[in-house]
Amino acid sequence: MANETNQFQAIISHCKEYGFIFPSSEIYDGLQAVYDYGQMGSELKKNIKDYWWKSMTQLQDNIVGIDAAIFMHPTTWKASGHVDNFNDPMIDNKDSKKRYRVDHLIEAYSDELRVASHENKADEIIADMEQLLAKDDFTGLKKLIEDNKISCAISGTCNWTDIRQFNLMFSTEFGSTVSSEDADNKVYLRPETAQGIFVNFLNVQKTGRMKIPFGIAQIGKAFRNEIVARQFIFRMREFEQMEMQFFIRPGTQKEWYEKWKETRLNWHKSLGIPAEKYRFHDHVKLAHYADAACDIEFEFPMGFKELEGIHSRTDFDLKQHQEYSKKKQQYFDNDLDPATGKPYGNYIPYVIETSIGLDRMFLAVISHAYEEQDLSTPEKPDSRVVLHLPTKLAPIKMAVLPLNKKDGLPEIAGQIINECRGDFRCFYEEKDSIGRRYRRMDALGTPFCVTVDYQTKDDNTVTIRHRDSMLQERVAISELKRIVLESIG
RNA sequence: GCGGAAGUAGCUCACCUGGUAGAGCGACAGCUUCCCAAGCUGUAGGUAGCCGGUUCGAGUCCGGUCUUCCGCUCCA
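Engineer: How should the protein's contact with RNA strand B be read in this particular structure?
Structural biologist: Inspection of the region around RNA strand B gives 49 residues, with H82, R235, D382, M470 and Q472 positioned closest. Here RNA strand B approaches the protein such that, of its atoms within 4 Å, sugar and phosphate make up 56%. Contact between RNA strand B and S383: a base nitrogen at 3.4 Å from a main-chain N or O atom of the residue. Of all the secondary structure elements, the ones that give two or more residues to the surface near RNA strand B are α1 (2-17), α14 (434-444) and β22 (461-466).

Written as structure tokens, this is what we have:
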């Protein structure tokens, strides 16, 4: 554990030191669980995004992308269940420091009463609780707990804090003249991007003439007012999701669920990260909208944690929106049902969702890439920090380094950069010894270092040095672009 | 939100029992060398997270606050 913690700390420091990630508004002491991506981090993040976007849209026959607004009509969140299901009042036991959902605590007590054959009393308490919950009467709820001497299972005491509401959605007022008391004008910052896809389901389906099965992909920010947000960029209050909702014919959800599990895992493996770093974790307790769900977990420095979720959401979301909006959310399927020989007809599609946290993916990529290498020889101690980033994700693809900063070498280097910068990001550096420049590039994850030397002036060849192997080969300048582009894939 | 630990230069840290801050690495400028870091010269950079208290005097003691990591909890 100590090692894992040190490794995690080292990665956090490295991210700061080399311009990948900074605490938000750091000069004002930062803002809890909010981070900024720096000059290197923003490139890496963008490359992850682009790679996901391309593989989920361009390379698919039947998936298109959208970019929905962060603000959505407030009713969206009533329909989705976020308003009702995620405003749970909580209470803490001061002795055991345990926190409970108030309804869970009271229900557990009523279960005990039932076991002891006090059925009537149990029913009565539940009825009281539901009334109080409906009124958001926290004082009354606390009184209910105290009157019944409901105690903490750990400490056995009734030493409770006041009941508090934890609303996981950020809200703000819409329009410049409304008062904050006016609940009708309260809008939320979306806590997930999925609803932006669901409310646009028919727009996309009709205007894009999409036929089921088809998908809608989206990358965007979401916001959750987490009770505890920690572990660097793993759990942030403002984060970015990359997700795809795949609309299918009801009854086919099992096969599509399995297919997307496999497809998504293959996507991860295609980045060269070994399969052992990943595992599936099936949800036992399903969310209100799902009939099957699993996570793809990644072995982060702090252990296996959720990276991506794959959920079979049934027709829950579209059905809810149909009910709340009073607009039919159905699709007419002209394909023939072999059982009847007739078209499948109208139905509300089922949905398989794949949803990955972009920031978590960033953390997965960088923590797997990070290595402190011992390069010592008997003669001399030596070490380097290297980021083994896949070329397609590396912020800088190629550094061009003149061996010397005179004799026309920098000019040749400049020409090479001008030839390549239109195709991929290059970096020029003439300061310090060549070895030191290589090591600096290693720390940024730059896969190729091209060195212009005196031989270059004679035959237009340069050396290209590979980050991971540290080996060099001599190639013609005219070959450079092809080599790098091939590696980007 | 509770508990634990911690916040001193970009990074890692030192300053032991209070007397107005140092090192290594890094950065920058120049020189030298030149295909794998730590050569030479010079320079910059910190009102010790912030606020308050005790004290003649606080980075050092006390309180508060912010931030980070760890445990519990939470995680649609």
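Engineer: Would you explain the packing of helix α6 (residues 119-134) against helix α7 (residues 138-147) in this entry?
Structural biologist: Two quantities define a packed helix pair, namely the angle between the helix axes and the distance between the axes. With their axes 8 Å apart at the nearest point, α6 and α7 run at an angle of 160° to one another. As summarised for this structure, α6 and α7 are arranged roughly antiparallel, according to the angle between their axes. With respect to the hand of their crossing, α6 and α7 are arranged in left-handed fashion. Of the residues in α7, those in contact with I125, D128, M129, L132 and L133 of α6 are G140, L141 and L144. Within the contact of α6 with α7, the residues separate by chemical class into 6 nonpolar, 1 polar and 1 charged.

Engineer: Before we go on, may I ask you to explain the side chain of T463 in this structure?
Structural biologist: Within the fold, T463 resides in strand β22. Residue classification places T463 among the buried positions, given a relative accessible area of 12%. Of the polar contacts made by the side chain of T463, one reaches the side chain of Q472; its length is 3.4 Å. In contact with T463, other than residues within four places in its own chain, are Y438, C449, V450, T451, D453, Q472, E473 and R474.

Cut-offs applied
Residues numbered from 1 in each chain as written. Chains lettered and ligands numbered in written order. Predicted model: local features only at pLDDT ≥ 70, side-chain atom pairs only at ≥ 80, totals over all residues. Heavy atoms only, no water. Near = heavy atom within 4 Å. Polar contact = N/O pair within 3.5 Å; in protein donor to acceptor, adjacent residues only side chain to side chain. Helix = DSSP H or I, 4+ residues; strand = E, 2+ residues; numbered from the N terminus. Axes fitted to C-alpha atoms, helices over the stretch in contact; angles between N-to-C directions. Parallel < 35°, antiparallel > 145°, perpendicular 65-115°, else oblique. Left-handed = near helix turned anticlockwise from the far one by under 90°. Contact = heavy atoms within 4.5 Å. Nonpolar A, V, L, I, M, F, W, Y, C, P; charged D, E, K, R; others polar. Buried < 20%, exposed > 50% of the residue type's maximum accessible area, 1.4 Å probe, protein only.

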